[in-house]
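What follows is the residue order along each chain.
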Amino acid sequence: MGKAAHVGDYPPPTPTELERMQALKAMLRNDRDADATRELPRTMRLPSNGGENRTLLRFTRARKDTEKSFQMLRKSLAWRAEVGADDCLSKPLATEHAATLAAIPGFYVGHGKKGHPVFLDHTAVVPWDLILDEMGMSLFLYAQVQLLEYTQAVVYKSASAKHGSPITQGVNIWDVKGLTLTKFTAKVREISSATSKIAQDNYPESLAAAYVINAPAIFKVVWAVISTFLDPKTVAKVHIYGSGPKAFAKLKAALGEDCFLTEEMVCCPTKEVGEAEKTMGLQSGMAAAQSWIRGKWEKGEEWWAEPRTLAAAQPDVNEVARPSSPGVLRRIFAAATSTAQESNEDEFFDATDDAFSAQFGDFDALENNLENDFDEDGGYVAMPAAPPSSGSTPGSTPDTSVKLIAGNGELSSDAVAAELAKDDAARRGKKKSCCGLC
């Protein structure tokens, strides 16, 4: 394959970047303050995803100088240890929480022109009230970490196997049909900020492109808020489209034939969102992650083991699928909602000049022992069919021992009053200057 047709569109390192990667690796090995940072976790050194070198390159490109890249990586490794990210694929959440996550209308819909997995997110109809009532924000953020790790271990690995070269970025489609200011509450803004911070701080250089479809006029107001949570580089990768068959045709042309997005998925009435995907047999991304984790757990398999080395031990059926301790959830929430002052003051840098000016050999070559993550019919395991509706999913005990933000999982009365005041102010503002599309 010629360099101009580089799979995944992620350039090999320049000579300068190679020097910075070597320095970053040396700094990591010589860090005497944290022994845990001397070896990268499994999902950060998967051979199929480019191994340790690709991770070092991603963190190198996420900051303008090596010291800042090192501090970013070091903090990310510390965060992983605190929240249990390294082991979060070992156990699924309780079945009732997995069922709640399955209601989130976000689906993998194939691959883009350059091999990136494509994820369709019906952003405006996510059932946030259900999620917060049934799970709370902290447990939802833990599930988000599981999804991000699943993306590294399964989705990217399968995409890399399919296309023969490491792929560590994805394409997002954000369908904002039905978006109104009243839905974009203070709590939704808080969740959006928290999930964005987790991804940006710990999974850099993961977005190849994003497409917004069915954008109403009010989206300009919402985007002005959301874009403040995102890196400038991320904002530059976002393409905003309108609605209707012409907008869909333009989007489909940008994504290519390997993406099986259909017009019915994005041009349907709001009440029918997700129905076309279910008819096709797709599972939501969150549900797919939980199904994969549960499948490994019930078979007694280590999530990272090759088939020939899988453990034979069966799981304890009474063992609860939960984060390792109540404090884990509090740490995830605190880390995700803290002020990202350092990130905001950094100038993000993507060194693509002279990206192909030197020979880099097999930097992106796959390992010969790459596990093939496809089923017997060649289906993409990262996009499994919907599970049977007969209730055959084995149950698990509720993770009732998980303590949420304030001990009882609820916000304080003062916090609730503040949230209600913010939402009431938003509603009053809408009445004064409604765009007519809400």
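**Considerations on the overall build of the protein chain**
Moving on, step 1. Tallying secondary structure elements over the protein chain gives 16 helices and five strands in all.
Moving on, step 2. Residue burial in the protein chain is summarised as follows: out of 438 residues, 50% are buried.
Moving on, step 3. Put simply, of all contacts in the protein chain between residues at least 6 apart along the chain, 82% involve residues at least 24 apart.
Moving on, step 4. Total accessible area computed for the protein chain in this model is approximately 20400 Å², and 51% of it derives from carbon and sulfur atoms.

**Focus on the sheet that holds strand 1 (residues 106–111)**
Strand pairing in a sheet is mediated by backbone hydrogen bonds. Such pairs are either parallel or antiparallel.
Moving on, step 1. Reading across the sheet, the five strands line up as 1-2-3-4-5 and stay open at both edges, with mixed pairing between neighbours. Bordering the open sheet on either side are strand 1 and strand 5 (238–240), each of which pairs with just one other strand. Between one strand axis and the next, the sheet turns through 20° on average, direction left out of account.
Moving on, step 2. Pairing analysis gives six bridges linking strand 3 (residues 170–175) to strand 4 (residues 207–213), with the strands arranged parallel. Paired with Val171 across the two strands is Ala209, which belongs to strand 4.

**A closer look at unusual backbone geometry**
Moving on, step 1. Although it is not a glycine, Glu205 sits at a positive phi angle of roughly 60°.
Moving on, step 2. With respect to the helices, strands and loops of the structure, Glu205 is situated in the loop between helix 7 (186–202) and strand 4.
Moving on, step 3. Looking at Glu205, the relative accessible area reads 11%, which means it is buried.
Moving on, step 4. Here Asn214, not a glycine, exhibits a phi torsion of approximately 65°, which is positive.
Moving on, step 5. Summarising the element assignment, Asn214 is placed in the loop between strand 4 and helix 8 (219–226).
Moving on, step 6. The class for Asn214 is buried, based on a relative accessible area of 9%.

**Looking at the pattern of salt bridges**
Moving on, step 1. Under the defined criterion, the tally for this structure stands at twelve salt bridges.
Moving on, step 2. Salt-bridge contacts for Arg294 lead to Glu298; the nearest nitrogen and oxygen are separated by 3.5 Å. Remark: Glu298 and Arg294 occur in helix 13 (residues 285–298); sequence separation between them is four residues, near one turn of the helix.
Moving on, step 3. Here the residues in one salt-bridge network are Lys25, Arg29 and Glu52, joined through shared partners.

**Regarding helix 13**
Moving on, step 1. Compared with the 20 Å implied by 1.5 Å per residue over 14 residues, the 20 Å span of helix 13 between its first and last C-alpha is a close match.
Moving on, step 2. The element helix 13 is extensively covered by neighbouring structure, given that eleven of its 14 residues are classed as buried.
Moving on, step 3. Every buried residue of helix 13 is listed here: Gly285, Met286, Ala287, Ala288, Ala289, Gln290, Trp292, Ile293, Arg294, Lys296 and Trp297.
Moving on, step 4. On its buried face, helix 13 is in contact with helix 4 (95–102), strand 1, strand 2 (117–121) and helix 6 (137–163).
Moving on, step 5. Gly300 sits one or two residues past helix 13 and shows a positive phi near 75°.

**Structural notes on the pairing of strand 3**
Moving on, step 1. Counting buried positions over the six residues of strand 3 gives five, a clear majority of the element.
Moving on, step 2. Where strand 2 and strand 3 come together, four bridges link them in parallel fashion. Each bridged residue has a counterpart across the sheet, and for Phe119 the counterpart in strand 3 is Asn172.
Moving on, step 3. Crossover strand 3 to strand 4 through helix 7 is right-handed.

**So, helix 3 (residues 66–83)**
Moving on, step 1. Look at helix 3: 26 Å from first C-alpha to last across 18 residues, which is about the 26 Å you get at 1.5 Å a residue.
Moving on, step 2. Along helix 3, the residues classified as buried are Thr66, Ser69, Phe70, Met72, Leu73, Ser76, Leu77, Trp79, Arg80 and Val83.
Moving on, step 3. Of the residues that open helix 3, the one with a side-chain oxygen 3.2 Å from the backbone nitrogen of Glu67 is Asp65.
Moving on, step 4. In the stretch just after helix 3, Gly84 is the one whose phi turns positive, near 80°.

**Some details on the nonpolar core**
Moving on, step 1. Ranked by size, the top nonpolar core spans 52 residues in total, and within it Leu89, Leu101, Phe140 and Tyr150 carry the most contacts.
Moving on, step 2. Top contributing element to this core by residue count: helix 6, with 13 residues.
Moving on, step 3. Excluding anything up to four places from it in sequence, Phe140 contacts Leu101, Ile104, Trp128, Ile131, Met135, Ile191, Thr195 and Met286.
Moving on, step 4. Grouped together as the second largest cluster of nonpolar side chains are 19 residues, Tyr211, Tyr241, Leu255 and Leu282 included.

**Structural notes on the side chain of Gln169**
Moving on, step 1. Relative to the elements of secondary structure, Gln169 occurs in the loop between helix 6 and strand 3.
Moving on, step 2. Within the structure, Gln169 has its side chain in polar contact with the backbone oxygen of Glu205 (distance 3.1 Å).

What counts as what
Residues numbered from 1 in each chain as written. Predicted model: local features only at pLDDT ≥ 70, side-chain atom pairs only at ≥ 80, totals over all residues. Heavy atoms only, no water. Helix = DSSP H or I, 4+ residues; strand = E, 2+ residues; numbered from the N terminus. Buried < 20%, exposed > 50% of the residue type's maximum accessible area, 1.4 Å probe, protein only. Contact = heavy atoms within 4.5 Å. Areas by Shrake-Rupley, 256 points an atom, 1.4 Å probe, with all protein chains shown as cover. Pairing = 2+ DSSP bridges. Axes fitted to C-alpha atoms, helices over the stretch in contact; angles between N-to-C directions. Salt bridge = Lys/Arg side-chain N within 4 Å of Asp/Glu carboxyl O. Expected span 1.5 Å × (residues − 1). Right-handed = clockwise from strand over helix to strand, strands pointing away. Polar contact = N/O pair within 3.5 Å; in protein donor to acceptor, adjacent residues only side chain to side chain. Core = buried A, V, L, I, M, F, W, Y, C linked by side-chain atoms within 4.5 Å.

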